[in-house]
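# A look at the structure
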Amino acid sequence: MDKSELILISGGLGVLGQSYAKVLQEDGYKMLLLDINDPSGEYLGEFFKCDISNEQDIEKLSEHLKSIKMPICGLINNASCQPPGIANELEDYSVDTFRKVLEVNLLASFMLTKLVIPYMKEQKKGSIINIGSIQGVVAPTFAVYEGMKITSPLVYSVAKAGMIHFCKWVAAKYGKYNIRCNAVSPGGVGDSQKGGSKFSEVYASRTPLGKMADSSDIADAVRFLISDKAKYITGHNLLVDGGWTIY
Ligand SMILES: NC(=O)c1ccc[n+]([C@@H]2O[C@H](COP(=O)([O-])OP(=O)(O)OC[C@H]3O[C@@H](n4cnc5c(N)ncnc54)[C@H](O)[C@@H]3O)[C@@H](O)[C@H]2O)c1
């Protein structure tokens, strides 16, 4: 990939978004961070405020991309949201909460992919990465959430399974344009989780490598899949989970 080209990162101000920005900046790429929140401090990359689940905001983004006239060769569909009631029991789960999580993961990834494909087709080059999760591959180990303030809801598993399968479809359809689409599926990330130290301990004890991931572990996988070192890899789901899913 030509390093003067642009990579869009949805949820780019988040913990993982910034960890990708760090390594991609080291590799010389330009990044456009799409986030619903304004930055609260220093950040790496250019910022474009945007609710990626909102069609009008995507239209504004489209106009912005036309105006900056940069080739877009990368998209990282990374944003996730925590709407009210995200951790409710299924019996108490609201349709609005379920819908919002699907919108930010799946609908927004569809809209952003739709936006970048014409650029990538024209360049005959592109790498799209969807951020999945172990929860999109295996069922949650509910025992690790017992007595904790967090859980892993059904909608998250469903959304992440969709994000992973999404890549196979895009890979099959656009491979002839040299557009690759892969998923990176993290296990629990220690510097980004909200469960506290007790949760980290319990989680680590269930993980073959004996610890939670660091955000840099996930960024290294993204760095590889974006790069030409992965030029013959498409439709793949790279699990970065310390072995969580081998059982
Ligand atoms: N942290 C983990 O342990 C972990 C594990 C597996 C997978 N993941 C996945 O990694 C990705 C990043 O996670 P993170 O830990 O960095 O989360 P984070 O909460 O730090 O970052 C998510 C970012 O998305 C932004 N966002 C939310 N809704 C948006 C919208 N509608 N439009 C634009 N931006 C929006 C938020 O403002 C935030 O900056 C997510 O897809 C998450 O599901 C995380």
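Below, the structure is looked at part by part. Worth saying up front: this structure is predicted, and the values here are computed from it rather than measured.

Our focus in this paragraph is the nonpolar core. Ranked by internal contacts, the top residues of the largest apolar core, which has 56 residues, are I7, L8, I9 and V222. Tallying contributions element by element places helix α3 (residues 95–123) first for this core, with nine residues. Not counting residues within four places of it along the chain, the set of residues in contact with V222 comprises Y20, I76, I129 and V184.

Turning next to the environment of E103. Following the sequence through the fold, E103 ends up in helix α3. Overall, E103 belongs to the partly exposed group, with 19 C-beta atoms counted inside 10 Å. Discounting chain neighbours no more than four positions away, the residues touching E103 are S53 and A108.

As a further point, take helix α2 (residues 55–68). The first and last C-alpha atoms of α2 sit 20 Å apart over 14 residues, in line with the 20 Å expected at 1.5 Å per residue. With one of 14 residues buried, α2 is to be regarded as a mostly surface element. In the segment just after α2, K69 is the residue with positive phi, at about 50°.

Turning our eyes to something else, we now look at the sheet that holds strand β4 (residues 72–77). Pairing in this open sheet of seven strands is parallel, and the strands run β3-β2-β1-β4-β5-β6-β7 from one edge to the other. Of all the strands in the sheet, the pair left with one neighbour each is β3 (46–49) and β7 (237–240). Between one strand axis and the next, the sheet turns by 20° as a mean value, whatever way the strands run. As paired strands, strand β6 (residues 179–186) and β7 are joined by four bridges and run parallel to one another. When the sheet's bridge partners are listed, A183 is paired in β7 with N237.

Attention shifts here to unusual backbone geometry. In this structure, K69 is a non-glycine residue whose phi angle is positive, near 50°. Tracing the sequence through the fold places K69 in the loop between α2 and β4. Non-glycine residue N178 carries a positive phi angle of around 65°. Within the fold, N178 resides in the loop between α4 (154–174) and β6. By C-beta crowding, N178 is classed as partly exposed, having 15 other C-beta atoms within 10 Å.

As for its placement among the helices and strands, T141 is situated in the loop between β5 (126–131) and α4. C-alpha separation for the pair T141 and W244, spaced 103 residues apart in sequence, amounts to 10.0 Å.

Once that is clear, we can look at helix α1 (residues 15–26). If you check α1, its first and last C-alpha atoms are 17 Å apart, about what 12 residues at 1.5 Å a residue would give, namely 16 Å. Taken together, the buried positions of α1 are occupied by L16, G17, Q18, S19, Y20, A21 and L24. Buried residues in α1 make contact with β1 (6–10), β2 (30–35), β4, β5 and α6 (215–226). Just beyond α1, the residue with positive phi is G28, at close to 95°.

Neighbouring residues of the ligand: 27 residues in total, closest G11, G14, L16, S80 and S192. Listing elements by their share of the shell around the ligand, those giving two or more residues are α1 and β2. When residues in the shell around the ligand are grouped by element, the largest group, three residues, is from α1. The residue makeup of the shell around the ligand, split by class, is 13 nonpolar, 12 polar and two charged.

What counts, and where the lines are drawn
- Residues numbered from 1 in each chain as written.
- Predicted model: local features only at pLDDT ≥ 70, side-chain atom pairs only at ≥ 80, totals over all residues.
- Core = buried A, V, L, I, M, F, W, Y, C linked by C-beta atoms within 7 Å.
- Buried ≥ 20, exposed ≤ 12 C-beta atoms within 10 Å, placed from the backbone.
- Helix = DSSP H or I, 4+ residues; strand = E, 2+ residues; numbered from the N terminus.
- Contact = placed C-beta atoms within 7 Å.
- Expected span 1.5 Å × (residues − 1).
- Pairing = 2+ DSSP bridges.
- Axes fitted to C-alpha atoms, helices over the stretch in contact; angles between N-to-C directions.
- Near = placed C-beta within 6 Å.
- Nonpolar A, V, L, I, M, F, W, Y, C, P; charged D, E, K, R; others polar.

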